[in-house]
Amino acid sequence: VVLNLSCSREWDEHYNTYPETVNENVWDALQNDPQLTKFVEIIKIFQLDSIFDLEKTDIPYTIFAPTNDAINGYTNIGTFDTTILRYHFASHFINVSSIQGKRQVQTLTQKFALFENLGGKITIDGIDVSTESPLYINGKYFTMDQVIKPNPNLYEYFQITNPVLSNYIDTQ
């Protein structure tokens, strides 16, 4: 009986760890975060803010939100497009405490980002996470000091490096 209680307590400590929660829409929290104003502006430009409408959907989102400084640094060398923006969103809730090591996370681009929790250090595609928000009604967000760029898949790589092969694939 003592062994059973001990295992039960360890089980509960491991699997019943819940993050801090807030009874607020994650979109409202993003809009109220002063270090994410540029990211919020980009979301509005690409009309992705509609995914947070609680009357239309109950999907929880995890957002990898680059800070204003990260976006300023990125826009000096590249432009934000819908693919890059959608790569910063996953259509499910990520509970950091339940992930140890590496896990592939599917983003809204249908591509996978590498989520890592190695000894409490959290990274997405090798980029450090600065802060983690509480859990809101419909998701949570992580702030990052860099913009995450999705890697091309094999076909996209051929389009960039070998247009002849890409054209051949298109005709088959």
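Structural data are supplied above this passage.
Everything numeric here is computed off the predicted structure, so don't read it as measured data.

A. Examining the pattern of salt bridges more closely. Counted by the stated rule, this structure contains 2 salt bridges. For Asp 128, the salt bridge is made with Lys 121, and the minimal N-O distance between the two is 3.6 Å. For Lys 121, a relative accessible area of 49% puts it in the partly exposed group. The partner of Glu 132 in a salt bridge is Lys 140, and the shortest N-O contact between them spans 2.3 Å. Residue Glu 132 is classed as partly exposed on the basis of its relative accessible area of 38%.

B. Molecular detail of the sheet that holds strand 2 (residues 89-90). Ordered by their spatial adjacency, 7 strands build an open sheet running 2-1-7-6-5-4-3, and the pairing between neighbours is mixed. Since the sheet does not close on itself, it has two edges, and those belong to strand 2 and strand 3 (101-106), each with one partner. Where strand 1 (residues 61-66) meets strand 2, 2 bridges bridge the pair, whose relative direction is antiparallel. Among the inter-strand pairings, Thr 62 is bridged to a residue of strand 2, identified as Ala 90.

C. Fine view of the side chain of Thr 143. By the secondary structure assignment, Thr 143 is in strand 7 (residues 139-144). Looking at Thr 143, its side chain comes within polar contact range of the side chain of Thr 131, at 2.3 Å. If we skip the residues at most four places from it in the chain, Thr 143 touches Asp 33, Gln 35, Leu 36, Ala 65, Thr 67, Val 129, Ser 130 and Thr 131.

D. The pairing of strand 7, seen in detail. Along strand 7, 6 of the 6 residues are buried, which leaves the element largely enclosed by surrounding structure. Neither face of strand 7 is left uncovered, since the one carrying Gly 139, Tyr 141 and Thr 143 and the one carrying Lys 140, Phe 142 and Met 144 both have all their residues buried. Examined bridge by bridge, strand 6 (residues 127-132) and strand 7 share 3 bridges and lie antiparallel to one another. Directly across from Glu 132, in strand 7, lies its bridge partner Phe 142.

E. A look at the pairing of strand 3. Examined bridge by bridge, strand 3 and strand 4 (residues 112-118) share 6 bridges and lie antiparallel to one another. Its bridge partner being in strand 4, Arg 103 is matched across the sheet by Phe 115. Connecting the antiparallel pair strand 3 and strand 4 is a turn made up of 5 residues, with Gln 110 showing a positive phi of about 70°.

F. Looking closely at unusual backbone geometry. Even without glycine at this site, Gln 110 takes up a positive phi of about 70°. Here Gln 110 lies in the loop between strand 3 and strand 4. Look at Gln 110 and you get exposed, because its relative accessible area is 54%. Of note, Asp 125 is a non-glycine position whose phi angle comes to about 50°, a positive value.

Conventions and cut-offs
- Residues numbered from 1 in each chain as written.
- Predicted model: local features only at pLDDT ≥ 70, side-chain atom pairs only at ≥ 80, totals over all residues.
- Heavy atoms only, no water.
- Salt bridge = Lys/Arg side-chain N within 4 Å of Asp/Glu carboxyl O.
- Buried < 20%, exposed > 50% of the residue type's maximum accessible area, 1.4 Å probe, protein only.
- Pairing = 2+ DSSP bridges.
- Helix = DSSP H or I, 4+ residues; strand = E, 2+ residues; numbered from the N terminus.
- Polar contact = N/O pair within 3.5 Å; in protein donor to acceptor, adjacent residues only side chain to side chain.
- Contact = heavy atoms within 4.5 Å.

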